[in-house]
Amino acid sequence: MAVTGMGLVTPVGTSAAAVLAAMCEGRSGLAAPAAGHALDGCLEVAGFSPPIDPESVLPGPQARTVDRSIVMALRAAEDALADAGIEVGRDVDPYRIAVIVSNVGGSATLEQQVLSRAARGRLGVSPYLLAGVLPNMGAAHIAIRHGIRGYSSSIGTACAAGAQSIGEAARLLRADEADVVVCGCSEAPLHPTFADAFGNARALARGWAKDPGGASRPFDRRRNGLVLGEGAGVLVLERLAHADARGAGGYAAVLGWGATNDAHHIMTPRADGEGAATCLRRALADADLAPGDIGYLNAHGTGTRLGDLAEAAAVRTVFGEHGPPVSATKAVTGHLLGASGAVEAAVTAAALGRGLLPPTHNLQDPDPGCALDHVRGAPRATRAEAAVSTSFGFGGHNVSLVLGAPATRRVRRA
C-alpha cells in the first residue's frame with residue numbers, strides 16, 4: 001500500500017516537508033496562550049495550529065455549526081487528495097474509495113453549547129449540536145464534500161486513533177474492499193474543560209511559562225508532563241496496482257501494522273512495556289521483517305515520566321541493546337492526541353524519503369531508564385529502508401505502523 005498523498009495541520013507547518021524541517025531545525029511550535037485567551041490561566045503552554053476559515057472548507061451555513069476538529073480534518077483531507085492527484089469519480093470509483101478519519105469528538109463545541117444552555121435555557125442549544133460533536137462527523141463531512149461513497153468510519157482509541165486509522169485503511173486495501181483510503185485523525189482539545197482535566201490529572205508539563213519551547217522533553221531527566229496541542233494528519237493510502245495504473249508516485253509504503261491492549265489501567269501503561277512490545281512484534285511480523293531491518297523508530301514519546309520509561313522498555317525488549325535510532329517529535333508539536341499518530345506517520349515517511357532523521361528537541365540529559373539510540377542535538381543522515389511509528393492511547397491501546405520505501409519507482413519527496 002502506497003502513501004500517495006499527505007495533508008497536515010500542525011503548530012509547525014501544513015506540509016510534511018515543513019514539519020520535518022521544523023523538527024530538524026529544532027523550531028518549536030509551542031507557545032503560552034495569549035493574554036485574554038480562553039486558555040489563559042488554564043494552560044502554561046500549548047501547541048496552537050494556524051487558524052482556518054471554516055467557509056474555506058465548508059461553504060454555507062454549516063460552516064458555523066462544526067467543531068474546529070472537523071474544519072482541520074476537512075483542510076487536511078482536501079490537501080491530501082490534491083497532493084495525491086485524486087478526484088473522486090475521475091481517478092477512482094466513488095464506491096472504491098473509503099474514509100477512516102477519527103477524533104475524540106467536538107469537545108470544544110459541546111462545552112460552548114453546555115454554557116449556552118446554562119445561560120439561555122433550552123433555546124440556547126443549537127439543533128446542529130449532534131452534527132458538530134459526534135466523532136464520526138469528520139469522516140462524514142469529508143465523504144460528503146468529496147463524494148466518497150465507500151466504507152466510512154471513525155476510530156475511538158484515544159491517542160492511538162490516528163495510527164490505528166492508517167492500519168485499518170491498510171486492512172481494507174489488503175482485503176480488496178477499496179482501491180484508495182483517506183485516513184487519519186484531527187483533534188482540537190484546546191479549551192478550558194479539556195485543559196483542566198489534563199491539569200487535574202497531573203499529566204501536563206509544569207513550570208515552563210517563561211520557556212514554552214522547553215516544556216515538551218521526551219526521555220529527558222527534566223521531563224514532567226505532556227504539552228497539549230491541536231492539529232490534523234490525513235494520508236491517502238492506495239493499492240500499488242491502482243497507483244501504478246494512474247501513474248502516481250508514493251512517499252512511502254505501509255508494510256505492516258500491529259495493535260494490542262495492555263488491559264492494565266485506563267491512564268497509565270504497563271511499566272514493563274509488555275503490551276507495547278507485543279504490538280511491535282506483531283507489526284514486524286505483519287511486515288515480514290526482523291528487528292534488524294528497522295532503521296528508525298518515531299517514538300510516541302509524550303514526555304510523561306511513566307510513559308517514556310514503559311516505551312523505552314518495550315523498544316529494548318524487541319530490538320535489544322543495539323536498536324534503531326529513535327526520536328520523539330512531540331517535543332516540537334506538542335501532543336496532538338489521536339492526530340499525533342497520523343502526523344508522525346507522515347513525518348516518518350518524509351524522513352525516509354529525505355534520508356534525514358529529526359532529533360528529539362530538548363533531549364539534553366537522557367534519563368538512564370530511557371536508554372536508547374537517541375537522535376539528539378542534530379539530524380542524522382540515514383539510508384534506512386524501513387521505519388516504525390508507535391502510538392499509545394489511554395485505555396491501554398497500542399498501535400505500531402511499519403513504513404518503508406515505496407514499491408513504486410516514482411518516489412515522491414515530501
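Quick summary incoming for the structure in this document. (Residues numbered from 1 in each chain as written. Predicted model: local features only at pLDDT ≥ 70, side-chain atom pairs only at ≥ 80, totals over all residues. Heavy atoms only, no water.)

## Considerations on the overall build of the chain
On a plain count of helices and strands, the chain comes out with 12 helices and 15 strands. Buried residues in the chain amount to 59% of all 414 residues. Once local pairs closer than 6 in sequence are excluded, the contacts in the chain between residues at least 24 apart make up 79%. Approximately 15,900 Å² of the chain is accessible, and the part contributed by carbon and sulfur atoms is 52%. The average position of the 36 basic charges and that of the 38 acidic charges among the side chains of the chain differ by 2 Å. (Helix = DSSP H or I, 4+ residues; strand = E, 2+ residues; numbered from the N terminus. Buried < 20%, exposed > 50% of the residue type's maximum accessible area, 1.4 Å probe, protein only. Contact = heavy atoms within 4.5 Å. Areas by Shrake-Rupley, 256 points an atom, 1.4 Å probe, with all protein chains shown as cover. Lys, Arg positive; Asp, Glu negative; His and termini not counted. Charge placed at Lys NZ, Arg CZ, Asp CG, Glu CD.)

## So, a nonpolar patch on the surface
Together, Ile266, Met267 and Phe394 make up a nonpolar patch on the protein surface, roughly 290 Å² of accessible area in all. Using a relative accessible area of 39% as the deciding quantity, one classes Met267 as partly exposed. (Patch = residues over 30% accessible without salt bridge, like charges linked within 9 Å, V, L, I, M, F, W, Y side chains within 5 Å. Salt bridge = Lys/Arg side-chain N within 4 Å of Asp/Glu carboxyl O.)

## Looking at the nonpolar core
Residues Met6, Ile166, Val181, Leu235, Leu237 and Val254 are the most contacted members of the largest nonpolar core, which totals 52 residues. The leading source of residues in this core is helix α12 (residues 338-354), at 10 residues. Not counting the four nearest positions on each side in its chain, Leu235 is found in contact with Val3, Gly5, Met6, Ile166, Val181, Val182, Cys183, Ala342, Ala345 and Ala346. Within the second largest apolar cluster, 33 residues are counted, among which are Ile52, Ile70, Leu74 and Val236. (Core = buried A, V, L, I, M, F, W, Y, C linked by side-chain atoms within 4.5 Å.)

## Some remarks on the packing of helix α9 (residues 274-287) against helix α10 (residues 305-319)
In contact at an axis separation of 8 Å, α9 and α10 are set at 45° when each is read in the N-to-C sense. Judged by the angle between their axes, α9 and α10 are oblique. Considering how the two elements wind past one another, α9 and α10 form a crossing that is right-handed. Between α9, through Ala276, Ala277, Leu280, Arg281 and Leu284, and α10, the contact on the second element is made entirely by Ala314, Val315, Thr317, Val318 and Phe319. Of the residues in the contact of α9 with α10, the class split is eight nonpolar, one polar and one charged. (Axes fitted to C-alpha atoms, helices over the stretch in contact; angles between N-to-C directions. Parallel < 35°, antiparallel > 145°, perpendicular 65-115°, else oblique. Left-handed = near helix turned anticlockwise from the far one by under 90°. Nonpolar A, V, L, I, M, F, W, Y, C, P; charged D, E, K, R; others polar.)

## Section: the pattern of salt bridges
Scanning all chains against the criterion turns up 22 salt bridges. Between Arg90 and Asp91 there is a salt bridge whose closest N-O contact spans 2.7 Å. Taking the shortest distance from any N to any O, the salt bridge between Glu238 and Arg246 comes out at 2.6 Å. When its relative accessible area of 24% is taken as the criterion, Arg246 is described as partly exposed. Residues joined in a network through salt bridges with shared partners are Arg75, Glu78, Asp79 and Arg145.

## Structural notes on the layout of surface pockets
Taken as a whole, the largest pocket holds about 590 Å³ of empty space. Taken together, 36 residues make up the lining of the largest pocket; nearest its centre are Met267, Pro269, Thr304, Gly307 and Phe394. Of all the secondary-structure elements, those providing two or more residues to the lining of the largest pocket are α9, α10, β14 (386-393) and β15 (397-404). Looking at the lining of the largest pocket element by element, the count peaks at six residues for α10. Classifying every residue of the lining of the largest pocket gives 13 nonpolar, 17 polar and six charged. Here the second largest pocket defines a volume of roughly 460 Å³. What lines the second largest pocket is a set of 25 residues, among which Asp67, Arg68, Ala108, Thr109 and Gln112 lie closest to the centre. For the lining of the second largest pocket, the secondary structure elements donating two or more residues are α2 (68-84) and α3 (107-120). Ranked by residue count, the leading element in the lining of the second largest pocket is α3, at six residues. (1 Å grid on protein atoms, 1.4 Å probe; cavity = no way out; pocket = protein on both sides within 12 Å on 5 of 7 lines; lining within 4 Å. Points joined across faces, edges and corners; volume = space filled by probe spheres on them.)

## Re helix α6 (residues 161-174)
The end-to-end C-alpha distance of α6, which contains 14 residues, comes to 20 Å, matching closely the 20 Å that a straight helix rising 1.5 Å per residue would cover. For α6, the buried fraction is high: 11 of the 14 residues fall into the buried class. Here α6 has its buried residues at Ala161, Gly162, Ala163, Gln164, Ser165, Ile166, Gly167, Ala169, Ala170, Leu172 and Leu173. Backbone geometry just after α6 places Asp176 at a positive phi near 60°. (Expected span 1.5 Å × (residues − 1).)

## Considering the packing of aromatic side chains
Under the definition given, this model contains two aromatic pairs. Taking 6.2 Å as the distance between ring centres and 25° as the angle between the ring planes, the aromatic pair formed by Phe198 and Phe394 counts as stacked. Taken together, the residues Phe198 in helix α7 (residues 192-200) and Phe394 in the loop between β14 and β15 connect sequence positions 196 residues apart. Taking relative accessible area as the criterion, Phe198 reaches 11% and is therefore assigned buried. Feature note: the residues Phe194, Phe198 and Phe394 constitute an aromatic cluster, connected by ring pairs. (Phe/Tyr/Trp six-rings, centres within 6.5 Å; stacked < 30°, edge-to-face > 60°.)

## What about unusual backbone geometry?
Non-glycine residue Arg202 carries a positive phi angle of around 60°. Along the polypeptide, Arg202 turns up in the loop between α7 and β7 (231-238). Positive phi, normally seen in glycine, also occurs at Ala263, with a value near 50°. Here Ala263 is to be found in the loop between β8 (252-261) and α9. Judged by relative accessible area, Ala263 falls into the exposed class, the value being 70%.

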